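# Observations on the model geometry
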Amino acid sequence: MTRAFALHLGVLRAVLRRMFASRLAGFLNILAIGIALSLPAGMYLLLQNAQGLVAQFSGTPQISLFLEMNAKAEDVDRLHKQLAQHPAVAGVEFVTRAQALEQLKQSTGLSDLIGGLQQNPLPDAFVVHPKPGDAQALDMLRGELAKLPRISEAQLDSAWAYKLEALLRFGRMGVLILASLLSLALIAVTFNTIRLQILTQRDEIEVAKLIGATDGFIRRPFLYFGAAQGLLGGIMAWLIVTASLLLLNGQLGALAQLYASRFVLHPLSLGDSLSLLLFSVYLGWLGAWLSVARHLSQIEPR
Amino acid sequence: MISFKQVHKRYPGGYEALKGVSFDVAEGEMLFLTGHSGAGKSTLLKLIAAIERPNSGSVLVNNQNVGVLKGGALPYLRRNIGIIFQDHKLLFDRSVFDNVLLPLQICGFDHRESGKRVRAALDKVGLLKREKSNPIALSGGEQQRLCIARAIVNRPAILLADEPTGNLDTDYAREIMAIFNSFHQVGATLLISTHDESVLQDGGVRRLTLKEGVLQ
Ligand SMILES: Nc1ncnc2c1ncn2[C@@H]1O[C@H](COP(=O)(O)OP(=O)(O)O)[C@@H](O)[C@H]1O
Ligand SMILES: [Mg+2]
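When its secondary structure is counted, chain A shows ten helices and four strands. Taken from N to C terminus, the helices and strands of chain A fall in the order α-α-β-α-β-α-α-β-α-β-α-α-α-α. Put simply, 84% of the contacts in chain A that link residues at least 6 apart link residues at least 24 apart. When the accessible surface of chain A is split by element, carbon and sulfur atoms take 65% of a total near 17,800 Å².

Right, here's the structure in full:
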């Protein structure tokens, strides 16, 4: 067991020595792989953050119904009953124009300005909590409520969240396509690197076969090389994504001050980071395996 | 140990290199294979290590028909056979030491044990002082001896040497024959090919002679 382990370690050491022997070429390969992987990984990270925003802000959707300014108390009572009995409505609150103004003062910090107004510009309103449903059902409910008498306007508060979510689905598909294409590129890069290595080590492979090397023995260093190159490429991608994130967060800090909000991009989670590295190791190994399967059999000693 | 029965070998292109060759080699025997250049000596040796396959007839090594051996079994046959190639097949991207180390790495020897064996083999051929050199810096005779060290480091039961004294002067040739003799004395089976009759003075050694692919 330990002996087998020592042997594998020996192969790995030889592989790394070979990788660092051609320092610039090896580094360029790793950089190319890192950039290729950092694109989908970075896009994925942005989507994750946007997803977090949606979850944070959307909560449960509400429909705000604004009454006409001249609506009377009996209109309000009738509408209140009607809404409470509506099958798609889970709950309803009445917000008087005075309450609305008070809320506005508190939430915006514009109390001085609002206090200076001659009269309250806000209408009375109902806040309707719909029963859970998809975006389409909510939009239909909004349309229906908007047609009720004495209602001037109906707003679906979380409409933007639904739209963003649809957009995110679109984005995720984009990431998937990009990741697939760039994975193929990574496999191709490794395939070619290994092909060149096999060509330059043709003599060694031939001699090894002649003195009793198994296919596994000959294959092993190339597979390790592919996997190690994939791992280093993955680490490079992680560094690129994380460094870009730090730069963006620096800019976001300035933006956040202007908008008086706190918003930062979260880095790749531990799980996502590990997935990235495992995936790049796997792709490197696969590229090497394909190359070895294709090219080693062509070398038959004579 | 080695047994040829009616072996024919035809190369792609139609040239018949061996025609109905039959012979037996006993375990521990030393044997010379002579014949003019192109007689089929290299071909015969390659058939033993299954580097080439016969078109008909059978080649038995240790009672195993190596002519029909599956690819996966080849490495284990070859680990039991040390070969000194006519064209050396040394690797110039590594030291003398590492060239001799390769067969042991292939068999999975551990580090310390293989270091000892490599030095013992290099000592036997008188190259211990050159272990760090690149083989390209060695003379023809030294390269030949390096080949021998690589072939014997694994202590194979069979040693095949293809024109090991090829283009060496007689002093060198005699040295190399002495190394083979010592290997013979410890019980290995040896098959040594040569087109140079002058190295065969020592009597008592059986000789096979090929002429245009036919055993005389
Ligand atoms: N791979 C090959 N393809 C075609 N012909 C070959 C090949 N190898 C050897 N031959 C031919 O077979 C004959 C015997 O070659 P070889 O066994 O190398 O002879 P020797 O070693 O006795 O000089 C020669 O005529 C040679 O040209
Ligand atoms: Mg020959």
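Resuming the write-up.
On to the coordination of the magnesium ion (ligand 2), then. Residues and elements named next belong to chain B. Looking at the magnesium ion (ligand 2), one finds its protein donor set to be Ser 42 (OG) and Gln 86 (OE1), positioned 2.0 to 2.3 Å from the metal centre. Within this pair, whereas Ser 42 is found in helix α1 (residues 41-48), its partner Gln 86 is found in the loop between β6 (81-84) and α3 (96-107), the two being separated by 44 residues in sequence. Among the residues examined, Ser 42 registers a relative accessible area of 18% and is labelled buried. Owing to a relative accessible area of 41%, Gln 86 belongs among the partly exposed residues under this scheme.

Okay, the domain arrangement of chain B next. All names here are of chain B. Taken as a whole, chain B is organised into domain 1 (1-80 + 157-216) and domain 2 (90-155). Distance from the C-alpha centre of domain 1 to the C-alpha centre of domain 2: 23 Å. Contacts between domain 1 and domain 2 engage twelve residues on the former and 14 residues on the latter. Surface buried jointly by domain 1 and domain 2 totals about 1,100 Å² across both partners, of which 68% is contributed by carbon and sulfur atoms. In terms of surface lost to domain 2, no three residues of domain 1 exceed Arg 79, Ile 179 and Phe 183, which account for 44% of the buried area on that side. The interface formed by domain 1 and domain 2 includes one salt bridge.

This part covers the packing of aromatic side chains. Residues and elements named next belong to chain B. Taken as a whole, this structure holds two aromatic pairs over all chains when the rule is applied. Residues Phe 4 and Phe 23 carry aromatic rings whose centres are separated by 4.6 Å and whose planes lie at 20° to one another, so their mutual orientation is stacked. Of this pair, Phe 4 sits in strand β1 (residues 2-10) while Phe 23 sits in strand β2 (residues 16-25), and the two are 19 residues apart along the sequence. Since its relative accessible area comes to 6%, Phe 23 is described here as buried. It is Lys 89 that lies over the ring of Phe 85; its NZ or CZ is 5.9 Å from the centre.

Another point: the domain arrangement of chain A. Under the domain assignment, chain A is made up of domain 1 (10-57 + 162-298) and domain 2 (62-157). Taking only C-alpha atoms into account, the centre of domain 1 of chain A sits 52 Å from that of domain 2 of chain A.

With that settled, the discussion passes to the packing of α3(B) against helix α4 (residues 111-124) of chain B. Residues and elements named next belong to chain B. One way to put it is that α3 packs onto α4 with a least axis distance of 9 Å and a crossing angle of 120°. Considering their axes alone, α3 and α4 lie oblique with respect to each other. You can see that α3 and α4 cross each other, and the crossing is right-handed. Facing α3, whose interface residues are Val 96, Phe 97, Val 100, Leu 101 and Leu 104, α4 presents Ser 114, Gly 115, Arg 117, Val 118, Arg 119, Ala 121 and Leu 122.

Of the residues lining the interface, 22 residues belong to chain B; the matching set on chain A comes to 16 residues. Counting each side, the surface lost to burial between chain B and chain A is near 1,700 Å², with a carbon and sulfur contribution of 65%. When the buried surface of chain B facing chain A is broken down by residue, Arg78(B), Lys89(B) and Ile106(B) rank first, second and third, together holding 31% of it. Applying the counting rule to chain B against chain A returns two salt bridges. The shortest N-O distance in the salt bridge between Glu206(A) and Lys89(B) comes to 3.8 Å. Looking at the side of chain B that touches chain A, the elements that each hand over two or more residues are α2 (74-78) and α3 of chain B. The element that contributes the greatest number of residues to the side of chain B that touches chain A is α3(B), accounting for five residues. Across the side of chain B that touches chain A, the residue classes tally to eleven nonpolar, two polar and nine charged.

Calculation rules
Residues numbered from 1 in each chain as written. Chains lettered and ligands numbered in written order. Predicted model: local features only at pLDDT ≥ 70, side-chain atom pairs only at ≥ 80, totals over all residues. Heavy atoms only, no water. Helix = DSSP H or I, 4+ residues; strand = E, 2+ residues; numbered from the N terminus. Contact = heavy atoms within 4.5 Å. Areas by Shrake-Rupley, 256 points an atom, 1.4 Å probe, with all protein chains shown as cover. Donors = N, O, S within 2.8 Å, 3.2 Å for Na, K, Ca; no water. Buried < 20%, exposed > 50% of the residue type's maximum accessible area, 1.4 Å probe, protein only. Domains from an automatic or database assignment. Buried area = accessible area lost by both parts, 1.4 Å probe. Salt bridge = Lys/Arg side-chain N within 4 Å of Asp/Glu carboxyl O. Phe/Tyr/Trp six-rings, centres within 6.5 Å; stacked < 30°, edge-to-face > 60°. Lys NZ or Arg CZ within 6 Å of the ring centre and 35° of its normal. Axes fitted to C-alpha atoms, helices over the stretch in contact; angles between N-to-C directions. Parallel < 35°, antiparallel > 145°, perpendicular 65-115°, else oblique. Left-handed = near helix turned anticlockwise from the far one by under 90°. Nonpolar A, V, L, I, M, F, W, Y, C, P; charged D, E, K, R; others polar.

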